Every structure is written in structure tokens, then in C-alpha cells.
Amino acid sequence: MARLLLLARRVELLTIGWNVFEALGAIVSGLLAGSVALIGFGFDSVIELISGVVLLWRLADGAEAERREQIALKIVGVCFFVLAAYLAGDSIHRLLSHEAPEQTVFGIVVAASSLVAMPLLARAKRNVARRLNSAAMHADSRQTDFCGYLAAVTLGGLLLNSLLRWWWADPAAALLMVPLIVREGWEALRGKTCCECVPCGTDIPSS
């Protein structure tokens, strides 16, 4: 069991490290290019980073795990709703004003890299979660899957703007993120952390 917990911590540390790169790369390139989709993707990576830190916290100490996670879930839920409101408002403004973003090769590289990395990390988490019988880690793998979906949407908008000069594709991609982000925020506020494949109440064993 100790070896499994060590593997779980390493997977989470890898995810946290990747999300730091992803958040910084997406937000900086998004601000420079004026891409609302990239900025939104970057801030979502910050939220995913919080989720990863919370799970790492659980792995370190099981005694206060449930109380800590419920508090963190409320914070994450509010962050999701703030992000959704920002994306909706800024995207609509850019669509109405015909404000076109600049092309950003680095932003495309960040989104494409995430599209490859996120499914691999999610699969690794599910494998470890299955062996640990951990609902919390299964739930965190869903967050990682969600980040991959947003990477695909972001990349699509960036490529359409870069290759076809469809200026509206970037804010449209950001608008597509809004219902997905709202759903995740609602589930977080409800304290929903368990997957269908694992019974609720199953937790990460303490070391």
C-alpha cells in the first residue's frame, strides 16, 4: 500500500507541475495575443492546480481529508463560476465589437501539448485509483479529463483563427467552455467528488 501511495503522490506532483506550465503559458500567451479562449484555459488550469494540491493534501494526511476537501470544493466551485462569468462577458463583448485576437504559435503549442498530456495523466490516475480503490483520485482524473476537453476546444479556436483568419472562432471557443465550466462548478459546490464506478464514501487510505 505504501508503494501505491507513493506512486499516487508522484502522479499528482507531475500533474501539478504540468498545470503550472500550462497556466503560465496559456495566460501569458493569451494576454499577449488577446485570446479570451487561451486566458480562460489558463485560469482553468489554475483551478485544476488547486484540485491537484487538495488531493495531494489528502494523500499526505487522511485524518482531516474529508473536511479539507469539502472546504476546497466550495472554493473551487466559486472559482469555476467566476471563470464562466468572465468568459461569457468577455467573449460576447469581443464578438459584438469584432475584436480579433493575434496569432499565437506558443499558445497553439501549449494547447496541443495539453491535448496530449491530459489524457495520459488521467489514465495514470485512474489506474492508481483503481488499485487504491480511491473515489477521490477517480474524481481528480475526471478533472484532468475536463482539462483535456478544454484544450481541444481552445486549440480548435486558435487554429481556425490562425489558419483561416476566422476571428470569431476564438471567442466562440471560449463561449463553448462556459456550460462545461458551469457544470463542473455546480458539482463542486454540491460537494460531488465520487465517480459512478466507485461507491461514495470510499477514500484514499492513510499511510
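Structural notes, computed from the coordinates. Model, not experiment: these values are computed from the prediction.

### Quick look at the nonpolar core
Part 1: Formed by 30 residues in total, the largest nonpolar core has its most connected members in F41, F80, L87, L150, M177 and I181.
Part 2: At the level of elements, helix 2 (36–60), helix 3 (65–97), helix 4 (105–132), helix 5 (135–164) and helix 6 (169–189) are the ones that each hand at least two residues to this core.
Part 3: In this structure, L4, L5, A8 and A129 belong to the second largest nonpolar core, which totals 10 residues.

### Topic: the packing of aromatic side chains
Part 1: One pass over the full model with this rule turns up three aromatic pairs.
Part 2: Relative to F146, the ring of F80 has its centre 6.1 Å away and its plane inclined at 80°; by these criteria the two rings are edge-to-face. Residue F80 is found in helix 3, and its partner F146 is found in helix 5; the two are separated by 66 residues along the sequence.

### Points about helix 4
Part 1: Taking 1.5 Å of rise per residue, 28 residues should cover 40 Å, and helix 4 covers 40 Å from first to last C-alpha, within 8% of that figure.
Part 2: Two or three places before G107, at the opening of helix 4, T104 has a side-chain oxygen 2.9 Å from that residue's backbone nitrogen.

### Overview of the pattern of salt bridges
Part 1: Applying the stated criterion across every chain, the model contains six salt bridges.
Part 2: Linked by salt bridges that have partners in common, D90, R94 and E99 make up one network.

Each value, and the rule that gives it
Residues numbered from 1 in each chain as written. Predicted model: local features only at pLDDT ≥ 70, side-chain atom pairs only at ≥ 80, totals over all residues. Heavy atoms only, no water. Core = buried A, V, L, I, M, F, W, Y, C linked by side-chain atoms within 4.5 Å. Buried < 20%, exposed > 50% of the residue type's maximum accessible area, 1.4 Å probe, protein only. Helix = DSSP H or I, 4+ residues; strand = E, 2+ residues; numbered from the N terminus. Phe/Tyr/Trp six-rings, centres within 6.5 Å; stacked < 30°, edge-to-face > 60°. Expected span 1.5 Å × (residues − 1). Polar contact = N/O pair within 3.5 Å; in protein donor to acceptor, adjacent residues only side chain to side chain. Salt bridge = Lys/Arg side-chain N within 4 Å of Asp/Glu carboxyl O.

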